[in-house]
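# Analysis of the macromolecular model
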Amino acid sequence: MVQTLLPAALAGYVLGVVLAAVGTVQRSRLADRTASLVFALSWLVHSAAILRIGIEAGRIPLTNGFEYLVVLGWAISGLYLYIASRHQVPVIGLVLPPLAALAVAGALAVSHPIVKDADGPGGWFLFHTSISTLGMAILGVAFGMSVLYLAQDHALKSRSTPGLLQRLPALEECDRIGLQALIVGFVLFTLGIGTGIVINAGRHSELFSGGAKQIFPLLAWVVFLIVLVARTWLGYRGRKSALLTIAGFLLGLATVAGMTL
Amino acid sequence: MLTLVGLNHRSAPLDLRERLAMSGQDTRLSLERLCSDPAVSEAFILSTCNRVEFLVRGPTADGGAAIDRYLESEYGLDRALLDRHAYRMVERDAIRHLFRVTAGLDSMILGEPQIQGQVKDAFAMSREAGTTGVVLDRLLQHALSAAKRARSETGISRHPVSVASAAVKLANKIFGKLDGRRVLMLGAGKMGELVARHLHRQGIAELIVCGRRFNNADRAARRFGGRAVHWDDGLDHLRTVDIVIGCTGAPRPVLTRDQVAQALRARRSRALFLIDIAVPRDIDPAVHTLENVYLYDIDALEGVVDDNLEERRSAARLAQRLIDGEVDSFERWRQSRDVAPLIAALRDEFFATGERELERFRSRLGPLTEAQERALRELTRAMTRKFLDRPTRYLRDAGDRGESERIASLLLKMFDLKLSDKETPREDDRKRRKNGPQRLLKGGRDDP
């Protein structure tokens, strides 16, 4: 069942992205609306897949890399639907849903057998994984807004792409939504790292074991911290800030490499 | 012969157009200088941020050469440079171009409304300088009325787009909503005010007008509930404003890269949008290389406008058809004007013949009373007029049929007529009646 639902959700995301691209290039409202509908339906299918994994495993599905990617994609997709319903940011359909699709595609690539676990993971572990995943999803929004910021900045600097200019959100809107996402995502991500360190200390009697699972999140955390400090106290914004946010998110994603796949 | 030489946004880069940019006084002097050339009898100059065009009328085909001579001596533009960047048109092509320009069909923003006012102002300037005569007066009036028709009878005015709206659109793309934003206007130029008006409608928090002439700045600021500051204090506001409009008449940039870079540090890298609608430019183009700074000059602003483009293109096609009809109508007037001296000569010849024949037969009639004498003369003139009525009408309509030249040449040969070099008295009278005692052609000369 999961093996049907996840590919269906992935196909839906891909179709939605194609429709969103058509809507952007052709300036077709019909294509835009259809894309939104397809994204919403895909998200429902994606939700059903997670529910199914949870039922089959008898626990919250956040214990390995496969489940992490499935839930991360689902959260990013859900955040996209939330932002799209609240803000007029049409082109974001070309940034966040592809990210969600990549996460699902990654999950399908590493496809992990669903292991029934009667005892289930501990409460701290669930808190750690869910808060970290949600944090990363929100930081994914910051990443998406940074990508849009760079695209808009490039369009404005090059002065030669009126069509693109029309469709991209305002620079300050990208900046504002991106900053909000960065702050909330950073707080959750920090909590996730903190609880991870505590869990690690409990399991292995050491705070830091030095694996990719710990190095990448810490590197990402340092990058996000630099961006936030520079923005808040030094008024550091613009392209460099957007580039650092993108770098931080990619480092955060690399955490998957250290997970049990 | 009518000759037009011009440089516009398509043919020449902004830095070349800047070299030719003229203030009101410059234009007047240029008109007078052009008209001092023997090859030029009437002249008109249109200088806007997008184009500089010279339209001259002269007795020969040397009008273009006269413009070249002028541009070389005054602006150091040699022929090779002009050949690369200028367009040249004569007669019907020049007329059609002027009509298209006036209707906004040649503008970078298709159908933009400002150009009509700019042509009107340039026309007034030429009249004031006394460099337009019968033909250019009529041509410009016709071009303006054709543009008015195009705006009212086609959809081209239903989708108004301008540099100002482009500026607002770009500001929206940087800041989103503009309410609460602060704007600094350098200078109090007309176009700057237009941009300020558009921004004001978007709910900006404050407009600061900074001008070398405080009174002008104050007047402009009051219109939009803003405040004026002295020129020397203006740059301090760079630290706090979000948008800067450059619209001074300064011959070189008034805002340098270093000044903006210095302000950026105090701004903590907040985005700054600079709109430079002055020609010559007010803001050093290198400012655009600074991070979080977006500088748009007149060419760049117009390049981003594609609102309602399809509707405007479709309306422009209709407007073009209308303009073509108006050009034909003007050409007919010109041709009928060309035959006017011939009609006058023909009439003079017939009346003179009548007078001669009357004198020849006069002695055979014996003594006549004064009333009989007058009746006889009137009879002769009335008969001459009757004889000439149909040929005159035929000749006047020949222009419509494109035959005026052939028929005129035939009549000249048939009656061995000599045309007067001067303009017909009827036209001179009409001009005087129309313009009253303040004759338009103060310094203008007509074809010798």
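Residues numbered from 1 in each chain as written. Chains lettered and ligands numbered in written order. Predicted model: local features only at pLDDT ≥ 70, side-chain atom pairs only at ≥ 80, totals over all residues.

Val70(A), Met185(B), Ile245(B) and Ile275(B) are the most contacted members of the largest nonpolar core, which has 187 residues in total. By residue number, the principal contributor to this core is helix H5 (residues 123-158) of chain A, which donates 16 residues. Counting contributing residues, this core receives three or more from each of domain 1 (2-157) and domain 2 (163-303) of chain B. Beyond its immediate stretch of four places on either side in the chain, Ile275(B) contacts Ala167(B), Val195(B), Ile243(B), Val244(B), Ile245(B), Gly246(B), Tyr296(B) and Leu301(B). One finds Val339(B), Leu342(B), Ile343(B) and Leu395(B) within the second-largest nonpolar core, a separate group that totals six residues. (Core = buried A, V, L, I, M, F, W, Y, C linked by C-beta atoms within 7 Å. Buried ≥ 20, exposed ≤ 12 C-beta atoms within 10 Å, placed from the backbone. Helix = DSSP H or I, 4+ residues; strand = E, 2+ residues; numbered from the N terminus. Domains from an automatic or database assignment. Contact = placed C-beta atoms within 7 Å.)

For the rest of this paragraph, the subject is the sheet that holds strand E6 (residues 206-211) of chain B. Residue and element names in this part refer to chain B. Taken together, six strands build an open sheet; the order of strands is E7-E6-E5-E8-E9-E10 and the sheet is parallel. At either margin of the open sheet sits one strand with a lone partner, and together these are strand E7 (227-230) and strand E10 (293-297). Going from strand to strand, the sheet's axes swing by 20° on average, the running direction of each strand aside. Summarising the sheet, strand E9 (residues 272-276) and E10 pair through five bridges and their orientation is parallel. Counted as the bridge partner of Leu 272 is Val 293 from E10. Across the face of the sheet, helix H10 (residues 214-223) comes into contact with E6 and E7 while running at roughly 160° to E6. (Pairing = 2+ DSSP bridges. Axes fitted to C-alpha atoms, helices over the stretch in contact; angles between N-to-C directions.)

So, about unusual backbone geometry. Comment: phi is negative for the bulk of residues other than glycine, and the bulk of peptide bonds are trans. Residues and elements named next belong to chain B. Backbone torsion omega between Val 279 and Pro 280 reads 0°, so that peptide bond is classified as cis. Following the sequence through the fold, Pro 280 ends up in the loop between E9 and E10. Even without being a glycine, Arg 268 presents a positive backbone phi close to 55°. Relative to the assigned elements, Arg 268 resides in the loop between helix H12 (257-267) and E9. In this structure, Asn 292 is a non-glycine residue whose phi angle is positive, near 65°. Summarising the element assignment, Asn 292 is placed in the loop between E9 and E10. On the basis of neighbour counts, which here come to 19 C-beta atoms within 10 Å, the residue Asn 292 falls in the partly exposed class.

To continue, consider helix H16 (residues 404-415) of chain B. In an α-helix there are 3.6 residues to a turn, and that puts residues three or four apart on one side. In a regular helix each residue adds 1.5 Å, so 12 residues correspond to 16 Å; H16(B) covers 16 Å between its end C-alpha atoms and thus fits that length. Phi turns positive one or two residues past the end of H16(B), at Asp416(B), with a value near 50°. (Expected span 1.5 Å × (residues − 1).)

Further remarks concern the pairing of E9(B). Residue and element names in this part refer to chain B. E9 sits mainly inside the fold: five of its five residues count as buried. With burial as the criterion, each face of E9 is covered, one bearing Leu 272, Leu 274 and Asp 276 and the other bearing Phe 273 and Ile 275. Bridge count between strand E8 (residues 243-246) and E9: four bridges; the pairing is parallel. Bridged to Val 244 within E9 is Leu 274. As for the winding sense of the linkage, the β-α-β connection from E8 through H12 to E9 is right-handed. (Right-handed = clockwise from strand over helix to strand, strands pointing away.)

With that settled, the discussion passes to the packing of H5(A) against helix H7 (residues 171-204) of chain A. All names here are of chain A. Remark: H5 packs on H7, axes separated minimally by 7 Å, with the N-to-C direction vectors making an angle of 155°. Classified by the interaxial angle, the pair formed by H5 and H7 is roughly antiparallel. By crossing handedness, the relation of H5 to H7 is classed as left-handed. Classifying every residue of the contact of H5 with H7 by side-chain character gives 23 nonpolar, 10 polar and two charged. (Parallel < 35°, antiparallel > 145°, perpendicular 65-115°, else oblique. Left-handed = near helix turned anticlockwise from the far one by under 90°. Nonpolar A, V, L, I, M, F, W, Y, C, P; charged D, E, K, R; others polar.)

What follows concerns the domain arrangement of chain B. All names here are of chain B. Here chain B is described as being made up of domain 1 (2-157) and domain 2 (163-303). A straight line from the C-alpha centre of domain 1 to that of domain 2 covers 30 Å. Taken together, the contact pairs 10 residues of domain 1 with 10 residues of domain 2.

Residues and elements named next belong to chain B. Judged by which residues are buried, E8 turns out to be covered on both faces: Ile 243 and Ile 245 on one side and Val 244 and Gly 246 on the other are all buried. Strand direction decides the pairing type here: strand E5 (residues 182-186) and E8, joined by four bridges, are parallel. The residue of E8 that forms the bridge with Leu 186 is Gly 246.

The next subject is the sheet that holds strand E1 (residues 2-8) of chain B. All names here are of chain B. One open sheet accounts for four strands, arranged E2-E3-E1-E4; its pairing is antiparallel. The open sheet has two edge strands with one neighbour each: strand E2 (42-47) and strand E4 (87-90). Each strand of the sheet is rotated relative to its neighbour by a mean of 10°, with strand direction disregarded. Summarising the sheet, E1 and E4 pair through four bridges and their orientation is antiparallel. For Val 5, the partnering residue across the bridge sits in E4 and is Arg 88. Against the sheet, helix H7 (residues 134-153) touches E2 and strand E3 (51-57), its axis set at about 35° to E2.

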